[in-house]
Amino acid sequence: MTPFHLMELAQRANSVEELISLAEAEKIKLSRDDAQIYFERWHDGGELSDDDLDAVGGGFEDHAAGIVCEFCGSGDLYIDVSGGYYCNACRRHCWGKRGN
């Protein structure tokens, strides 16, 4: 799943609620706030900036430094759209923990 995939769903949706339903059908957890951002950006004719895409769609953030996966101990974490982190090493969703 990429931010661009969410933009495609936002394009098809006629409301924020429909966007959330479309995302759920694709097995994507999307908060109402995130859905609102994607929906408004698409339907207002604007485009998401790179910073907006990183903030909403996930991506490496400096504040993840020092956080490691509680399953494999890797620090190669990305912020997950559904909350928490995605570990690029073991490919699992995790909540992260402070590294040693």
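Not measured: the values here are computed from a predicted model. (Residues numbered from 1 in each chain as written. Predicted model: local features only at pLDDT ≥ 70, side-chain atom pairs only at ≥ 80, totals over all residues. Heavy atoms only, no water.)

**Student:** Looking at this structure, how should I read the pattern of salt bridges?
**Tutor:** Working definition: two side chains of opposite charge can pair if their charged atoms are close together. Within this structure, the stated rule accounts for one salt bridge. For Glu17, the salt bridge is made with Arg32, and the minimal N-O distance between the two is 2.5 Å. Placement of Glu17 in helix H2 (residues 16–25) and of Arg32 in helix H3 (residues 32–43) is noted, with a sequence separation of 15 residues between them. With a relative accessible area of 43%, Arg32 lands in the partly exposed category. (Salt bridge = Lys/Arg side-chain N within 4 Å of Asp/Glu carboxyl O. Helix = DSSP H or I, 4+ residues; strand = E, 2+ residues; numbered from the N terminus. Buried < 20%, exposed > 50% of the residue type's maximum accessible area, 1.4 Å probe, protein only.)

**Student:** Even after reading the chapter, I still don't get the confidence of the model for the chain, so can you show me in this structure?
**Tutor:** Detailed conclusions should not be drawn from predicted coordinates in areas where pLDDT is low. The predicted model of the chain has a mean per-residue pLDDT of 78, with 73% of residues at 70 or higher. The secondary-structure element of the chain with the lowest mean pLDDT is helix H4 (residues 50–57), recorded at 62, while H2 shows the highest, at 90. Counting contacts from residues 59–63, a segment whose pLDDT is below 50, to residues more than four positions away or on other chains yields nine contacts. (pLDDT = per-residue confidence, 0-100. Contact = heavy atoms within 4.5 Å.)

**Student:** I tried to follow the nonpolar core on my own but got confused; where do I start?
**Tutor:** Inside soluble globular proteins, nonpolar side chains tend to come together where they are buried. Formed by 16 residues in total, the largest nonpolar core has its most connected members in Leu6, Leu9, Leu19, Leu30, Ala35 and Tyr38. Put simply, the parts of the chain that give this core at least two residues each are helix H1 (3–12), H2 and H3. Per element, the largest residue contribution to this core is five residues, and it comes from H2. Leave out the neighbours within four places in its chain, and Leu9 touches Leu19, Leu22, Ala23, Glu26 and Ile28. The next biggest cluster of nonpolar side chains, apart from the first, holds six residues, and it includes Ile67, Cys69, Leu77 and Cys94. (Core = buried A, V, L, I, M, F, W, Y, C linked by side-chain atoms within 4.5 Å.)

**Student:** Help me out: how do you make sense of the packing of H2 against H3 in this one?
**Tutor:** A pair of packed helices is characterised by two quantities: the angle between their axes and the separation of those axes. At their nearest, the axes of H2 and H3 sit 9 Å apart, and the two run at 110° to each other. By the angle between their directions, the pair H2 and H3 is classed as roughly perpendicular. In terms of crossing hand, the pair formed by H2 and H3 is right-handed. Every residue of H3 that contacts H2 at Val16, Glu17, Leu19 and Ile20 is listed here: Arg32, Ala35, Gln36, Tyr38 and Phe39. (Axes fitted to C-alpha atoms, helices over the stretch in contact; angles between N-to-C directions. Parallel < 35°, antiparallel > 145°, perpendicular 65-115°, else oblique. Left-handed = near helix turned anticlockwise from the far one by under 90°.)

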